[in-house]
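Working through the structure, step by step
Next come the chains, spelled out residue by residue.
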Amino acid sequence: SGPGRPIVIDLPFGKGGPPKVPSVPRPLLIAVAVLVLAMLSYYQVAPFEQAVVLRFGKHVKTVGPGPKFKIPLIDQVYRVPTERQLKQEFGFRTVASDQRSIYEKEGYGEEALMLTGDLAMAEVEWVVQYRIVDPMAFLFEVRDVEETIRAVSEAEMRGVVGDLGFQEVIKEKRHEIEET
């Protein structure tokens, strides 16, 4: 055997040659393909959600809760929690909320520290609650909705606290600040 010549190896299969691969009946293949397509086309929308359906990237419909079908491998479904009260916490985070909630403040103090109008430092912790009304706008109008809500809320709270004196922030106008 020299360079460029193929090497041939005879494998001992015994009588009858190499083992035969069993053929799969055509109806079984069709049944499996139909089952896979059915599984790929079914989706469920939870009671607190709406789903936005895109076909080739274009909005086709927005659907409510319940079992739904889509064109497999073509339609994309995005679920949005429209019936839930969502929240963002500033100055702390909820770690566990069972019978007694547990909060973590470490590492979140900077977002709570604010300079008041009389140049005093106040630690202001707050929660922003919101509900998604328009799933299309939530998904496609703003790049990062969660971060945008955080930035706008923090800017608004800093503006309100910066216009008031320390005593007003912690005592006199506290209720008004909470309503902001």
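Parameters and conventions
Residues numbered from 1 in each chain as written. Predicted model: local features only at pLDDT ≥ 70, side-chain atom pairs only at ≥ 80, totals over all residues. Heavy atoms only, no water. Helix = DSSP H or I, 4+ residues; strand = E, 2+ residues; numbered from the N terminus. Buried < 20%, exposed > 50% of the residue type's maximum accessible area, 1.4 Å probe, protein only. Salt bridge = Lys/Arg side-chain N within 4 Å of Asp/Glu carboxyl O. Pairing = 2+ DSSP bridges. Axes fitted to C-alpha atoms, helices over the stretch in contact; angles between N-to-C directions.

**Re the environment of glycine 4**
Counting through the fold element by element, glycine 4 comes out in the segment before helix 1 (26-41). Classification of glycine 4 as exposed rests on a relative accessible area of 84%. A C-alpha to C-alpha distance of 68 Å links glycine 4 and proline 47, two positions 43 residues apart in sequence.

**Observations regarding the pattern of salt bridges**
Between side chains of opposite charge, a pair can form when the charged atoms approach closely. For the coordinates displayed, the defined rule picks out six salt bridges. The shortest N-O distance in the salt bridge between lysine 87 and glutamate 89 comes to 3.0 Å. A relative accessible area of 46% places lysine 87 in the partly exposed class. When its relative accessible area of 8% is taken as the criterion, glutamate 89 is described as buried. Its salt-bridge partner being lysine 105, residue glutamate 125 comes within 3.0 Å of it at the nearest N-O pair. Of this pair, glutamate 125 sits in the loop between strand 10 (121-123) and strand 11 (126-130) while lysine 105 sits in the loop between strand 8 (101-104) and helix 2 (109-112), and the two are 20 residues apart along the sequence.

**Re the sheet that holds strand 3 (residues 58-63)**
Taken in spatial order, the three strands line up as 3-2-5 in an open sheet, and their pairing is antiparallel. Since the sheet does not close on itself, it has two edges, and those belong to strand 3 and strand 5 (75-80), each with one partner. On average, adjacent strands in this sheet sit at an angle of 25° to one another, irrespective of strand direction. One ladder, built from six bridges, connects strand 2 (residues 50-55) with strand 5; its direction is antiparallel. When the sheet's bridge partners are listed, arginine 55 is paired in strand 5 with aspartate 75.

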